[in-house]
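# Close look at the chain arrangement
As a plain string of letters, each chain reads:
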Amino acid sequence: MTATLGAGLALKPAHYEAALSCDADGMWFEVHPENYYADGGPRLAWLEAIRSRHPVALHGVGLSLASASAPDPAHLGRLAALSGRIAPAIVSEHMAWSAWRGAAYPDLLPFPRTGEALQRLVDNVGRMQDALKRRIAIENPSHYLRIEGHAWDEIDFMAELARRSGCGLLLDVNNVHVGARNLGYDAAAYIDRVPASLIMEVHLAGHTPDPVLGQALLIDSHDAPVAPEVWALYARLVARVGPRPTLIERDDHLPEFATLMAERARAAALMAPARMEAA
Amino acid sequence: MTPSSALLSLADFQDRFAEALLADGDADGRLATQPGFAVHRNTVMKGWVDALAANYPSVLRLVGEAFFRTAAVAYARMHPTADPRLWCYGAGYADFLATYAPAAALAYLPGVARLDRYWTEAHGAASAPALDAVTLASLSPAQLAQCRLAPHPSARWAWSAGQPVYTLWRRNREANGSEDSAALDWQGEGAMLLRPGASVTWRSLDAAGCAFMDACAQGQPLGMAAAAAVAADAHADIAALLAVLLQDGAFIATHIET
């Protein structure tokens, strides 16, 4: 099913009408399922209308798979119900935690990549895949902090998570760039090392420099166009692994739909030669 | 204590990280003192405050950005929720405002917040076909008195004694430039919010109407609900009230029990 996905857009309520009537080749949309965990109402109706015209991917932010506890069964149940209702093209979640001891934090939080954390993720990804009866993709995080106690390199950690759980990866190129700048590693080398066979989806988004620290601290803010450095990393990735379903994410300072369509057209254009080669 | 040790279990790491996220001022420890820790702190608090602002637009408009933000931060620190859905964040905000000292002079504020909350609840409530007047018209007066009307899943109503909460809420919720500057009639008001179709609707509902809906929600037969309405207001016109409620779609079609 994912073979038909080209470049897509994160769907925002302000763009519902334009999204519905969009007929670009390979178009698809992605949403945070949490926004549609309702008993009924217009949002759910809109999502079903979009789904009747386009492939839709569910990109969860609330399951907290990297917690030292199982995901909230109620939320996993809601995700399974929504997944059954709209038959998503891809379901993904984050390699992060956000819920702990009865509190849900609206952020994707880091953790030391230890053997214990790996096993927790394997178990929780397994619970999610069992509940959904499908393979999911796990997204690499943005990094702002130097955390002591990492026993694993991030790519090795994700590859091992994929090997043990059967999940795939959602490679967020902007997260790689932001993390590389903040922690001082080589983004291109990272991009070159991610196992091609595991990449189910790619994310592209904009970031902003910290208002005080500037370029020394980049923030994965999703409120700006995709940066030139991130486009370069994406082109490098596509040249190596070929076309993959690619999503433009924009959550804040939302521009006109046409502006986002121009960004997704650029991603589609970068994939076109690779697509012809693959054909 | 803040997270710093390589030897922590994942649970200990999360405990310390979560504590540092909400800690006041400068925390010690090698994680929380990194500039990047502020990114997580800001993201978390901004997520909560922005969600409250989105979910309580009438409160925000009444009190202004600065007051709202201070109150929202206080609420967020005191009321963690396990629910990651930001569109339903702040279920207890009206109750919080009732005890929030800086808002003590704004006696109407919790009531206004409650109507904002009702909008959110109505918006995401289950869909259901509404009962129409024709169905009821086929019943004999005796059957009518015994039948039980179930409120629509999206129906929310409240009476606010002594406060023109509905007018305050509506003026701020509907705010579209054409300001209604008529003087407030400072007396009790009730309101009902409902989502019979694709969008949330609202109307004023007097004390008798609220008592009537309360009785229906408790599963009382129509005769008892009418009695409750008359008890709330001796001059209540039950036929007119029922006609209005049916026209709005306040009851579920499939729950006529006689």
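Notes on the structure in this doc start here. (Residues numbered from 1 in each chain as written. Chains lettered and ligands numbered in written order. Predicted model: local features only at pLDDT ≥ 70, side-chain atom pairs only at ≥ 80, totals over all residues.)

### A word on the overall build of chain A
Operational definition: Numbered from the N terminus, helices here are DSSP runs of H or I no shorter than four residues, and strands are runs of E no shorter than two. For a compact globule the rule gives 2.2 Å times the number of residues to the power 0.38, and the radius of gyration it is set against comes from C-alpha atoms. Counting other C-beta atoms within 10 Å of its own, a residue is labelled buried from 20 upward, exposed at 12 or fewer, and partly exposed in the gap between, with every C-beta atom placed from the backbone. This entry defines residue contacts through backbone-placed C-beta atoms, with two residues in contact when those atoms are within 7 Å.
Summing up its helical and strand segments, chain A has 9 helices and 12 strands in all. Here chain A has a C-alpha radius of gyration of 18 Å; the compact-globule value for 279 residues is 19 Å, and the two agree. Principal-axis analysis of the C-alpha atoms places the extent of chain A at approximately 50 × 45 × 40 Å. In chain A, which comprises 279 residues, the proportion classed as buried is 51%. Considering only intrachain contacts with a sequence separation of at least 6, the fraction spanning at least 24 residues in chain A is 75%.

### Remarks on the sheet that holds strand E1 (residues 156-160) of chain B
Strand pairs in the sheet, formed through backbone hydrogen bonds, run parallel or antiparallel to each other. All names here are of chain B. Cut-off, in case you're wondering: Whether two strands pair depends on DSSP finding at least two bridges between them. To get an axis, fit a line to the C-alpha atoms, keeping to the stretch in contact for a helix; angles then go from 0 to 180 degrees between the N-to-C directions.
Spatial ordering of the open sheet is given by E1-E2-E3, a layout of 3 strands whose pairing is antiparallel. This sheet does not close on itself; its edge strands, each paired only once, are E1 and strand E3 (201-204). Within the sheet, the average angular offset between the axes of one strand and its neighbour, ignoring direction, is 15°. Contacts from helix H6 (residues 109-124) reach E1 and strand E2 (189-194), with the element oriented near 15° to E2.

### Overview of the pairing of strand E9 (residues 199-205) of chain A
Residue and element names in this part refer to chain A. In terms of residue burial, E9 counts as a mostly covered element, since 6 of its 7 residues are buried. Both strand E8 (residues 168-172) and E9 contribute to a ladder of 4 bridges, which runs parallel. Within E9, the residue paired with Asp172 across the bridge is His203. Sheet topology places E9 next to strand E12 (residues 246-249); 4 bridges connect them, and they run parallel. Residue Val202 lies in a different strand from E12, and its bridge partner there is Thr246.

### A closer look at the interface of chain B and chain A
Stated precisely, the cut-off is as follows: Gly falls in the polar group here, along with every residue not listed as nonpolar (Ala, Val, Leu, Ile, Met, Phe, Trp, Tyr, Cys, Pro) or charged (Asp, Glu, Lys, Arg).
Listed by partner, the interface residues are 39 residues for chain B and 41 residues for chain A. Per-element accounting of the side of chain B that touches chain A gives the leading share, 9 residues, to helix H2 (residues 35-55) of chain B. Broken down by class, the residue content of the side of chain B that touches chain A amounts to 21 nonpolar, 14 polar and 4 charged.

### Things to note about the packing of helix H4 (residues 115-132) of chain A against helix H5 (residues 154-165) of chain A
Residue and element names in this part refer to chain A. For clarity, the threshold we go by: Here the word oblique covers every angle except those under 35 degrees (roughly parallel), over 145 (roughly antiparallel) and from 65 to 115 (roughly perpendicular). It is the rotation of the near helix from the far one that decides the hand of a crossing: anticlockwise by less than a right angle makes it left-handed, clockwise makes it right-handed.
In contact at an axis separation of 9 Å, H4 and H5 are set at 45° when each is read in the N-to-C sense. One element, H4, and the other, H5, form an angle in the oblique class. The crossing of H4 and H5 is right-handed. Of H5, the residues touching H4 (which contributes Leu118, Leu121, Val122, Val125, Gly126 and Gln129) are Phe157, Glu160, Leu161, Arg164 and Ser165. Its residues placed into classes, the contact of H4 with H5 shows 6 nonpolar, 3 polar and 2 charged.

### Some thoughts on the sheet that holds strand E7 (residues 137-139) of chain A
Residue and element names in this part refer to chain A. Spatially, the 8 strands close up into a barrel ordered E1-E2-E3-E4-E7-E8-E9-E12, and their pairing is parallel. Shown here is a sheet whose adjacent strand axes are inclined to one another by a mean of 30°, direction ignored. Pairing analysis gives 2 bridges linking strand E3 (residues 56-59) to strand E4 (residues 91-94), with the strands arranged parallel. Residue pairing for E4: His59 is matched across the bridge by Ser92.

### Description of the nonpolar core
Rules: Buried Ala, Val, Leu, Ile, Met, Phe, Trp, Tyr and Cys residues whose C-beta atoms connect them within 7 Å together make up a nonpolar core.
Grouped together as the largest cluster of nonpolar side chains are 159 residues, with contacts concentrated most on A:Ile138, A:Leu169, A:Val173, A:Leu204, B:Met192, B:Leu193 and B:Phe212. Dropping the residues within four chain positions of it, A:Val173 is found in contact with A:Ile191, A:Val202, A:His203, A:Leu204, A:Val230, A:Leu233, A:Tyr234 and A:Leu237.

### A closer look at helix H1 (residues 10-22) of chain B
Note: α-helices contain 3.6 residues per turn, so residues at a spacing of three or four share the same orientation. Our working rule: Any helix carries an expected span of 1.5 Å times its number of residues minus one.
In this model H1(B) runs 19 Å from its N-terminal to its C-terminal C-alpha over 13 residues, within 8% of the 18 Å that 1.5 Å per residue would give. B:Leu10, B:Phe13, B:Gln14, B:Arg16, B:Phe17, B:Ala18, B:Ala20 and B:Leu21 are the residues of H1(B) that are buried. Buried residues along H1(B) sit in contact with strand E5 (97-100), strand E6 (103-109) and H4 of chain A together with H2 of chain B.

### Quick word on the pairing of E6(A)
Moving residue by residue along a regular strand, the side chains alternate between the two faces of the sheet. Residues and elements named next belong to chain A. Most of E6 sits inside the fold, with 6 of its 7 residues counted as buried. In this structure, E5 lies alongside E6, joined through 3 bridges in antiparallel fashion. By the bridge assignment for E6, Trp100 is matched with Ala103. In textbook terms, the turn of a hairpin is the stretch between consecutive antiparallel strands, and for E5 and E6 this stretch comprises 2 residues, one of which, Arg101, has a positive phi near 50°.

### Details of the environment of B:Thr99
Mapping B:Thr99 onto the fold places it in helix H5 (residues 93-99). Counting along the chain gives 11 residues from B:Thr99 to B:Pro110, while the straight-line C-alpha distance between them is 9.2 Å.

### Some thoughts on the environment of A:Met261
All names here are of chain A. Here Met261 lies in helix H9 (residues 257-278). Among the residues examined, Met261 registers 20 C-beta atoms within 10 Å and is labelled buried. Considering only alpha carbons, one finds Met261 and Pro112, 149 residues apart in sequence, at a separation of 38 Å.

### Focus on the environment of B:Gly90
Residues and elements named next belong to chain B. Along the chain, the position of Gly90 falls in the loop between helix H4 (65-78) and H5. Each C-alpha atom of the pair Gly90 and Ala53 lies 9.8 Å from the other, and the pair is 37 residues apart in sequence. Not counting residues within four places of it along the chain, the set of residues in contact with Gly90 comprises Ala51, Leu52, Asn55 and Tyr56.

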